[in-house]
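# Coordinates in review
Residue-level listing of the chains:
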Amino acid sequence: MLKKIIETKKKEIEILELPNQVEVTNYSLYKALKNKNRSVGLIAEVKKASPSKGVIREHFDPVQIAKEYEKGGADAISVLTDVSYFQGSSDYLSAIKKVVNIPVMRKDFIIDKKQVDETVLIGADAMLLIVDTVPIKQLKDLYDYAYEKKLECLVEVHSKQELEELLNEFTPKMIGINNRNLKTFETSLQQTVEMSRMIPEQSLFVSESGIFTKADIDLVQRAGASAVLVGESLMREENTNEGILTLFGGESIGSFS
Ligand SMILES: O=C(O)c1ccccc1NCC(=O)[C@H](O)[C@H](O)COP(=O)(O)O
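Residues numbered from 1 in each chain as written. Predicted model: local features only at pLDDT ≥ 70, side-chain atom pairs only at ≥ 80, totals over all residues. Heavy atoms only, no water.

For clarity, the cut-off: UniProt positions are given in the numbering used here, feature names are shortened, and annotations may be inferred rather than shown by experiment.
As recorded in an unreviewed UniProt entry, the protein goes by the name Indole-3-glycerol phosphate synthase, listed as coming from Alkalihalobacillus trypoxylicola. Turning to the protein, the UniProt record has this under Catalytic activity (unreviewed entry): "1-(2-carboxyphenylamino)-1-deoxy-D-ribulose 5-phosphate + H(+) = (1S,2R)-1-C-(indol-3-yl)glycerol 3-phosphate + CO2 + H2O". For the record of the protein, the UniProt heading Sequence similarities (unreviewed entry) holds the text "Belongs to the TrpC family."

What follows is the structure, encoded as structure tokens:
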């Protein structure tokens, strides 16, 4: 699936016309997750559909969802901007940026500096970089280029091998372990448990995918994750604001750093 998505991205990049800069106030994803609202930071994802689950939320109002996420105490928002496989849009991200006061991360498959330029122009505060999408040295170039543009990166891995390859090249400020196998779509939180001890102390560690309950959050927190990225379980909630409270077992908003 990842190879197919990357081939689609290459075609998109060939015809990509950069948009005008959206005027926004930028916020630091890293700082927001370091100064999280609850004992575990939350990146709440705005995702209509996905290759593994099809359409997740029929009645999809990205701006309303984002407002409810912020109201529910999310520390940041992840927005799918891929059109072909997730029914996302860059316009969703720009519209969300105009109505929330927390960091917004672009969730797409970034393989080229032109996409980094686009990410800045649509108003994102941060973007996801996925190891295994490009050679590791190219990933480092994209990472450095993004930070030169004052764009933060969450660098995502899916296996011990990918994490080893990454850390042999550089140590990102933020590392995400994705619990979803992008070949089989199977998700297992054991992915986080087994790989967490490889995450360097100096990196902020996010556990991503397959998180549905407070027990799931407790498990990945015990493994060392300081934040989680949650999409499907919140997107299936009628009121995503209340969904966050349920997910965190009623834990109220405080300030944890
Ligand atoms: O979700 C998919 O089917 C998928 C397929 C191929 C590449 C990426 C994919 N998902 C992106 C994500 O990793 C998730 O949207 C994100 O981590 C949230 O996961 P979840 O809470 O399980 O929706």
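### Let's talk about helix 7 (residues 160-169)
Put simply, the test is: Residue exposure (1.4 Å probe, protein chains only): buried if accessible area is under 20% of the type maximum, exposed if over 50%, otherwise partly exposed. Helix and strand definitions here come from DSSP, where helices need a minimum of 4 consecutive H or I residues and strands a minimum of 2 consecutive E residues; each element is numbered from the N-terminal end. The arc in question is traced by the directions running from the helix axis to the C-beta atoms. Here, two residues are considered to be in contact whenever any of their heavy atoms come within 4.5 Å of each other.
Along helix 7, the residues that are buried comprise Glu162, Leu163 and Leu166. The buried residues of helix 7 all sit within an arc of 95° when viewed along its axis, so they share a single face. Turned more than 90 degrees away from the buried face of helix 7, the exposed residues are Gln161 and Asn168. Looking at the buried positions of helix 7, the neighbouring elements they touch are helix 6 (136-148), strand 7 (152-157), strand 8 (174-178) and helix 8 (190-195).

### Remarks on the site of the ligand
What counts, and what does not: Throughout, the term near means that a residue has one or more heavy atoms lying within 4 Å of the molecule or strand in question. Any pair of nitrogen or oxygen atoms within 3.5 Å is treated as a polar contact; in protein, a donor-acceptor pairing is required on top of that, and neighbouring residues in sequence qualify only through side-chain atoms on both sides. Classification used: nonpolar for Ala, Val, Leu, Ile, Met, Phe, Trp, Tyr, Cys and Pro, charged for Asp, Glu, Lys and Arg, polar for all others including Gly.
Taken together, the neighbourhood of the ligand is formed by 19 residues, with Glu45, Lys47, Ser52, Ser209 and Glu232 sitting nearest. Glu45 is positioned such that a nitrogen or oxygen atom in its side chain is 2.5 Å from an oxygen atom of the ligand. Partitioning the shell around the ligand into residue classes produces 7 nonpolar, 6 polar and 6 charged.

### Topic: the UniProt feature "domain: Indole-3-glycerol phosphate synthase" (unreviewed entry) in the protein
Following the UniProt record, the feature "domain: Indole-3-glycerol phosphate synthase" (unreviewed entry) maps to residues 3-244 here. Taken end to end, residues 3-244 is 38% helix and 18% strand, and its first and last C-alpha atoms sit 33 Å apart.

### Notes on the nonpolar core
This is how the line gets drawn: Side-chain atoms within 4.5 Å are what join buried Ala, Val, Leu, Ile, Met, Phe, Trp, Tyr and Cys residues into a set we call a nonpolar core.
If you look at the biggest cluster of nonpolar residues, it comprises 81 residues, and the most contacted ones within it are Leu42, Tyr69, Ile77, Leu129, Leu139 and Leu166. Here this core gets 6 residues from one element, more than from any other, and that element is helix 6. Setting aside residues no more than four positions away along its own chain, Tyr69 makes contact with Ala44, Glu45, Val46, Ala74, Ile77, Gly231, Leu234, Met235, Thr240 and Ile244.

### Regarding the pattern of salt bridges
Note the cut-off: A pair is scored as a salt bridge if a Lys or Arg side-chain nitrogen falls within 4 Å of a carboxyl oxygen belonging to Asp or Glu.
Under the defined criterion, the tally for this structure stands at 15 salt bridges. When the shortest N-O distance is used, the salt bridge between Lys10 and Glu7 registers 3.4 Å. Residue Lys10 and its partner Glu7 are both found in helix 1 (residues 2-15); the two are separated by 3 residues, about one turn of the helix. Taking the relative accessible area as the measure of exposure, Lys10 reaches 42% and is therefore partly exposed. The residue Asp82 makes a salt bridge to Lys9 at a minimum N-O spacing of 2.7 Å. In this pair, Asp82 sits in the loop between strand 4 (76-80) and helix 4 (90-97) while Lys9 sits in helix 1, placing the two residues 73 residues apart along the sequence. Pair check on accessibility: Asp82 and Lys9 agree, each one buried.

### Quick look at the environment of Arg57
With respect to the element layout, Arg57 can be found in the loop between strand 3 (54-55) and helix 3 (62-71). By relative accessible area, Arg57 is classed as buried at 11%. When the C-alpha positions of Arg57 and Lys47 are compared, they lie 8.0 Å apart, and in sequence the two are 10 residues distant. Beyond its immediate chain neighbours, meaning those up to four positions away, Arg57 contacts Lys48, Ile65, Leu234, Met235, Arg236, Glu237, Glu238 and Thr240. A distance of 2.7 Å separates the side chain of Arg57 from the backbone oxygen of Glu237, its partner in a polar contact.

### Side note on the packing of aromatic side chains
Inclusion rule: Two rings from Phe, Tyr or Trp (for Trp, the six-membered ring) form a pair when their centres sit within 6.5 Å of each other. Planes less than 30 degrees apart are called stacked, planes more than 60 degrees apart edge-to-face, and all others tilted. Working rule: Lys NZ or Arg CZ, within 6 Å of ring centre, within 35 degrees of ring normal, means a charge sits over the ring.
Counted according to the given criterion, the structure contains 4 aromatic pairs. Aromatic side chains Tyr143 and Phe170 sit 4.8 Å apart centroid to centroid with 55° between the ring planes, which places their arrangement in the tilted category. Taken as a pair, Tyr143 in helix 6 and Phe170 in the loop between helix 7 and strand 8 lie far apart in primary sequence, 27 residues in all. Summarising the burial analysis for this pair, Tyr143 and Phe170 share the class buried. An aromatic cluster is built from Tyr143, Tyr147 and Phe170, whose rings are joined through pairwise contacts. Between the NZ or CZ atom of Lys140 and the centre of the ring of Phe170, over which it lies, the distance is 5.5 Å. Sitting above the plane of the Tyr30 ring, Lys173 keeps its charged end 4.2 Å from the centroid.

### Describing the side chain of Glu232
Along the chain, Glu232 falls in helix 10 (residues 232-235). With relative accessibility at 10%, the residue Glu232 sits in the buried group. Glu232 has contacts with Lys47, Lys53, Ile56 and Phe212, leaving out every residue within four places of it along the chain.

### Overview of the sheet that holds strand 5 (residues 104-107)
Stated formally: Each pair of strands is called paired provided DSSP finds at least two bridges between the two strands. An axis is simply a line fitted to the C-alpha atoms; with a helix, the fit covers only the stretch in contact. Between two such axes, the angle follows the N-to-C directions and lies from 0 to 180 degrees.
Pairing is parallel around the closed barrel formed by 8 strands, whose spatial order is 1-4-5-6-7-8-9-10. Strand after strand, the sheet turns through a mean of 25° between neighbouring axes, direction not considered. Where strand 6 (residues 126-130) and strand 7 come together, 5 bridges link them in parallel fashion. Bridge pairing links Leu129 to Val155 in strand 7.

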